[in-house]
Amino acid sequence: MTIKKSESWILRFPSNRAAAERSDEFFELIGVTLEDTKGARGTGWTFTSDYGGGEAVKALLDVVLLPRVLGRDAIDVEAVNDQLFHYTHRLGHGITSMAIAAIDVAMWDLRARDAGVSIARILGQVRDQVPCYGSGKASPSLPIDDLVELSAGYIRDGFKAVKIRVGREPDKDMERVRAVRQAIGEGPRILCDANERLDLPTALWLGKRLADQGVHWFEEPLLSQDIEGYRRMRSALPMAIAMGEHVHSRRDFMPYITTGAVDVVQPDMCFVGGITETMRIGRIADTAGLALAPHFMTVLHIHVAAALPRATYVEFYPFMDDLLLEGLKVEDGMLLVPTRPGHGVEFTKQAWRDYRVA
């Protein structure tokens, strides 16, 4: 599986209305395609949203990282991940981790395809389905009636939990949460995500009121760097505190875990450096007795969650379904683990034609 050829690319496509806060929002997938000496190919990607920046990630891939992958064996994906991390360590952990993630996913895809099995199997799959929650249809910009209908739609489709975005207008959030609760009943779980919008006093004020509505977890109320703020929130509020999508490595997660600042660990493999680092974070969370709920990118995180028994949820966020030949399947609130070789993701010809920008 010696890698002989590499290519980077960007797909840029509009965000859907139910998720967007502005009409001009978009996503970028910044990807890598690797080819080995036998002609087998593997693909991987990271993403940006709202603000762009994909060209910066692509430049790092083209100039610094991909030349160092040529000649390597895909079976050495974990060693390559570590070496790329140390090589770029002085550049920080923002776009470097994102760029490494694209390579890491592509190498795992190539390795699994060569074996003729899914990435989940290569990682040590322990189950064929994973609980998921409905997400991506709860923009703060949505009218309440639309929010209620979309949330209730997830429940009608068999989901047992839905996520609602809060925090942009805290004084109005309770009306929105109460309306969804009334529509879906007491059984399904409601998860609330504030997207790092709040200060500590406001987060505590809102959190206590969300708890009265039986909200299961309060996600990212504070800036992700505020470890002490999260520790104080976890001590003061009765619901679980979830965070981690903007934390860039297992080392950066450790202070949250060791100081009791988090209940639900939410790594995003596109930001932490790929599948390799996400599995390491998952094992640390397991050792600490914490829940794991990977953030976003459902088509990739399902493989990791299938191999980690403490992965309590996968976020079902269908933001790129229109780009795929075949999407994931959900039955009775459970996401079915794909069995196709590699990650199983294939983009349509139309996606390449309409959305490729580089």
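Up top you'll find the structure we're talking about.
Nothing here was measured: the structure is a model prediction, and the numbers come from that model.

Caption draft 1: Structural view of the overall build of the chain. In terms of regular secondary structure, the chain is built from 13 helices and 13 strands. Relative to the globule expectation of 21 Å for 358 residues, the C-alpha radius of gyration of the chain, 20 Å, shows essentially globular dimensions. Dimensions of the chain, computed from C-alpha atoms along their principal axes, come out at roughly 60 × 40 × 40 Å. Expressed as a percentage of the 358 residues in the chain, the buried residues total 57%. Within the chain, counting contacts between residues at least 6 apart in sequence, those at least 24 apart form 71% of the total. Carbon and sulfur atoms provide 48% of the accessible area of the chain, an area that totals close to 14,300 Å².

Caption draft 2: The arrangement of empty space enclosed by the protein in detail. Applying the stated rule across the entire model yields 3 cavities of 30 Å³ or more. Looking at the largest cavity, its volume works out to about 100 Å³. Sorting the residues of the lining of the largest cavity by element identifies α2 (77-87), α3 (95-115), α9 (250-258) and α11 (275-287) as the ones contributing at least two each. In terms of residue count, α2 provides more of the lining of the largest cavity than any other element does, 3 residues in total. Here the lining of the largest cavity is built from residues that sort into 3 nonpolar, 6 polar and 5 charged. Of the pockets and cavities examined, the second largest cavity occupies roughly 70 Å³. Lining the second largest cavity, in full, are Thr 298, Val 299, Phe 316, Tyr 317, Pro 318, Phe 319, Met 320, Asp 321 and Leu 328.

Caption draft 3: The environment of Leu 61, seen in detail. On the secondary structure map, Leu 61 appears in helix α1 (residues 54-65). On the accessibility criterion, Leu 61 (0% relative accessible area) is buried. The sequence separation of Leu 61 and Gly 136 amounts to 75 residues, and the corresponding C-alpha distance is 29 Å.

Caption draft 4: Examining unusual backbone geometry more closely. Backbone geometry places Asn 195, a non-glycine residue, at a positive phi of 55°. With relative accessibility at 26%, the residue Asn 195 sits in the partly exposed group. Even without a glycine there, the phi angle at Glu 196 is positive, about 65°. With respect to the element layout, Glu 196 can be found in the loop between β6 (189-193) and α7 (200-212).

Conventions adopted
- Residues numbered from 1 in each chain as written.
- Predicted model: local features only at pLDDT ≥ 70, side-chain atom pairs only at ≥ 80, totals over all residues.
- Heavy atoms only, no water.
- Helix = DSSP H or I, 4+ residues; strand = E, 2+ residues; numbered from the N terminus.
- Rg over C-alpha atoms; globule rule 2.2 N^0.38 Å.
- Buried < 20%, exposed > 50% of the residue type's maximum accessible area, 1.4 Å probe, protein only.
- Contact = heavy atoms within 4.5 Å.
- Areas by Shrake-Rupley, 256 points an atom, 1.4 Å probe, with all protein chains shown as cover.
- 1 Å grid on protein atoms, 1.4 Å probe; cavity = no way out; pocket = protein on both sides within 12 Å on 5 of 7 lines; lining within 4 Å.
- Points joined across faces, edges and corners; volume = space filled by probe spheres on them.
- Nonpolar A, V, L, I, M, F, W, Y, C, P; charged D, E, K, R; others polar.

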